[in-house]
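Residue-level structural notes
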Amino acid sequence: MNLGPHADFIIAAYAVTAFVIAMLVAWVVLDYSAQRRILGDLEERGVTRRSRRPARDQR
Amino acid sequence: MAVIDIANPTRFLALVNRLLPWLTAATLLLFAVGLSQAMHAPDDYQQGATVKIMFLHVPAAWLGMFGWGLMSIAALGTLVWRHPLADVAGKAAAPIGAAFTFICLITGSLWGRPTWGTYWVWDARLTSVLVLFLLYLGVLALYWTAEDPGRGARAAAVLSLVGAVNLPIIKFSVEWWNTLHQGSSIFRMGGPTIDPSILRPLIVMAVAFTLLFVTLHLAAMRNEILRRRVRAMRLMQAQALAEAT
């Protein structure tokens, strides 16, 4: 595949796009694992959401 | 499952968990097909191989605008119906829309240098897209800096609705003013003016980018729902501690 005299511009455009998309994917994946970990820690310490508590405990 | 059931965050999470693997696979498959077609597409008779930048630039531009449109609809849900999922949808769309608008600006600039002879010109289309990017940054600042998340969400919703005025300006800027940017060549009366050999990969790439946006948006919404649960649980923990002392 010959990208001609402006190959640098084409490669730079694809590289920037790939980098930004990789950052977005990393943000979503890392944020998900962080939130899951924090939720797990809180549940281990006995903190539960109001909707998960038995009805008699809800005030 | 009825559509109204999805408005419940727990049911929404269950649906997202089921959908995400399929959406990820479909996105990867479409990108593989689209990139292969884009690499083998013929050069343009005027622009040469730089036309390959269009396969990134055009979908990114569409999705930058799509993201803001989504945020505007979500803003109505936040301000009128005060539905928490509407705010979650708006907040999750903002960084993704900003990223696609950024891609649009950078790839446009890299395409402009060999075809126009300049990276940037202050014409109506380029300036209105830059304004869209700055609006995205404004919404993100409102979400990230507000001490009270509810107030931040309402302020961001108002800005989303006000900023929607910019969408038709971007779309019609090439018709209303003299600009260096080319006019509409796909969605126009009389059909697209692009040769099918270039239009086909463009459409596949546009669908791939759209699926990527939807996948990232649903995943970011899931994260935001979990973040709100963490916040609610920490508040309850603090309340329980305060009552105990």
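Data block above holds the structure.
Notes on the structure in this doc start here. Worth saying up front: this structure is predicted, and the values here are computed from it rather than measured. (Residues numbered from 1 in each chain as written. Chains lettered and ligands numbered in written order. Predicted model: local features only at pLDDT ≥ 70, side-chain atom pairs only at ≥ 80, totals over all residues.)

Helix and strand counts for chain A stand at one helix and zero strands. For chain A, the residues scored as buried account for 12% of the 59 residues in total. (Helix = DSSP H or I, 4+ residues; strand = E, 2+ residues; numbered from the N terminus. Buried ≥ 20, exposed ≤ 12 C-beta atoms within 10 Å, placed from the backbone.)

Looking only at helices and strands, one finds seven helices and zero strands in chain B. If one aligns the C-alpha atoms of chain B with their principal axes, the spans along those axes are about 75 × 35 × 30 Å. When the 245 residues of chain B are sorted by exposure, 36% land in the buried category.

Time to look at the interface of chain B and chain A. Contact with chain B, which involves 30 residues of that partner, is made by 23 residues of chain A. Those elements that provide at least two residues to the side of chain B that touches chain A are helix H3 (84-116) and helix H7 (196-244) of chain B. Per-element tally for the side of chain B that touches chain A: the top contributor is H7 of chain B, with 13 residues. Tallied by class, residues from the side of chain B that touches chain A come to 20 nonpolar, five polar and five charged. (Contact = placed C-beta atoms within 7 Å. Nonpolar A, V, L, I, M, F, W, Y, C, P; charged D, E, K, R; others polar.)

In terms of nonpolar packing, the biggest core is built from 64 residues, with Ala60, Ala89, Ala93, Ile96, Phe100, Phe213 and Leu216 of chain B touching the most fellow members. Elements with a minimum of two residues in this core: helix H1 (7-44) of chain A together with helix H2 (54-81), H3, helix H4 (124-145), helix H5 (149-163) and H7 of chain B. Of all the elements, H3 of chain B adds the most residues to this core, at 16 residues. Sequence-distant contacts of Phe213 of chain B, defined by excluding residues within four places in its chain, comprise Leu63, Phe66, Ile96 and Phe100 of chain B. (Core = buried A, V, L, I, M, F, W, Y, C linked by C-beta atoms within 7 Å.)

Here we come to helix H1 (residues 9-40) of chain B. All names here are of chain B. Relative to the 46 Å expected for 32 residues at 1.5 Å per residue, H1 spans 44 Å between its end C-alpha atoms, a close match to the ideal helical length. Among the residues of H1, Thr27, Gly34 and Ala38 are the ones counted as buried. Turning to H1, the residues buried within the fold contact H2 and H7. (Expected span 1.5 Å × (residues − 1).)

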